[in-house]
Amino acid sequence: MILDDLVAATKIRLTHEKQQVSFAEIKKQAEAMPIGDGLTFSETLEKPGIHIIGEIKKASPSKGLIAAQFPYETIADAYNQAGITAISVLTEPDYFQGKLTYLEAVAKRVNVPVLRKDFTIDPYMIYQAKVSGAKIILLIVSILTQPELQEYLNLATSLGLSAIVEAHSEVEIKRALAVNAKIIGVNNRNLKDFSMNLTNSERLRKFIPKSVAMIAESGIKNRQDVKRLELAGINGVLIGETLMRATDKVQMIKELEGAFDGKNQNLRVEA
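These figures come from a predicted structure and were not determined experimentally.

Parameters and conventions
Residues numbered from 1 in each chain as written. Predicted model: local features only at pLDDT ≥ 70, side-chain atom pairs only at ≥ 80, totals over all residues. Heavy atoms only, no water. Salt bridge = Lys/Arg side-chain N within 4 Å of Asp/Glu carboxyl O. Helix = DSSP H or I, 4+ residues; strand = E, 2+ residues; numbered from the N terminus. Buried < 20%, exposed > 50% of the residue type's maximum accessible area, 1.4 Å probe, protein only. pLDDT = per-residue confidence, 0-100. Contact = heavy atoms within 4.5 Å. Arc of directions from axis to C-beta.

### Some points on the pattern of salt bridges
Across all of its chains, the model carries 12 salt bridges by this definition. Measuring nitrogen to oxygen at the nearest pair gives 2.7 Å for the salt bridge that ties Arg 109 to Asp 77. Residue Arg 109 is located in helix α6 (residues 100-109), and its partner Asp 77 is located in helix α4 (residues 72-81); the two are separated by 32 residues in the primary sequence. Accessibility expressed as a relative area gives 36% for Arg 109, which makes it partly exposed. Residue classification places Asp 77 among the partly exposed residues on the basis of a relative accessible area of 31%. Each of the salt bridges in this network shares a partner with another, and the network as a whole consists of Arg 13, Arg 116 and Asp 118.

### Describing the confidence of the model for the chain
Across the chain, the average pLDDT comes to 93, with 96% of residues at or above 70. Here residues 264-271 scores under 50 on pLDDT; set against residues more than four positions off or in separate chains, the count is 14 contacts.

### Observations concerning helix α9 (residues 170-178)
Helical geometry note: an α-helix holds 3.6 residues per turn, so side chains three or four residues apart project in the same direction. Regarding α9, the residues found buried are Glu 172, Ile 173 and Ala 176. Each buried residue of α9 lies within a common arc of 105° when the element is viewed along its axis, so the set occupies one face. Residues Val 171, Lys 174 and Ala 178 are exposed on α9 and point more than 90 degrees away from its buried face. Buried residues along α9 sit against β7 (162-167), β8 (183-187) and α10 (199-204). At the C-terminal side of α9, Asn 180 shows a positive phi close to 65°.

Rendered as structure tokens:
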């Protein structure tokens with residue numbers, strides 16, 4: 001399975017990274033940083049309307065190379081200009097061609113929280129995220145044991161980081177709720193075979209209490225998709241490929257938010 005390969009690759013990568021910067025050192029650096037104040041990301045998601053998290057990614061296992069030209073800082077500036085709620089940056093290098101340095105650069109130039117999008121399988125990666133400027137991390141239920149899920153969520157919270165706990169099924173949602181997740185992301189893509197079903201988020205919404213923020217991830221392509229999810233009571237959407245392929249990212253974000261509803265606005269998207 002692709003997910004198994006991703007986890008295996010992450011383990012190998014971590015071995016090398018820990019040789020460059022020790023666990024003790026990265027932990028020391030992270031704990032020396034301020035916790036932060038203001039609204040948490042879950043509180044932001046509770047504000048009215050549907051919130052857009054724009055993703056910056058160069059490639060993916062399902063789509064291959066998405067952006068041959070990858071001016072990630074310019075993309076971050078466009079997202080920021082459009083007033084997006086948060087920015088997700090892929091840092092997984094082997095299958096998504098991501099880098100931690102992309103996240104570091106983006107975090108320094110935008111005024112919205114940045115999500116480290118990676119396959120978190122070790123506390124080291126949470127400390128790394130903090131040091132690199134992330135405000136949010138991703139915890140994928142299917143690749144973690146229940147004790148790991150609880151430990152990593154507690155660690156993130158202690159560092160002032162928010163966590164999107166990602167689930168794909170009712171069983172995984174129950175596991176996320178059992179660790180008191182404040183934000184649950186429902187992936188419309190099955191990470192075992194990378195098949196896509198946009199109705200997954202709508203179907204699973206009823207299993208998540210209204211007091212827990214919910215984000216729909218993957219497969220969201222247009223305003224109609226966003227509107228459907230908003231009507232289903234979903235707080236936010238994480239959108240990657242649609243924004244990465246848009247020739248005018250600011251305009252595309254406005255379109256997804258509904259700024260042009262009723263105006264028959266057509267947006268150019270690269271093939």
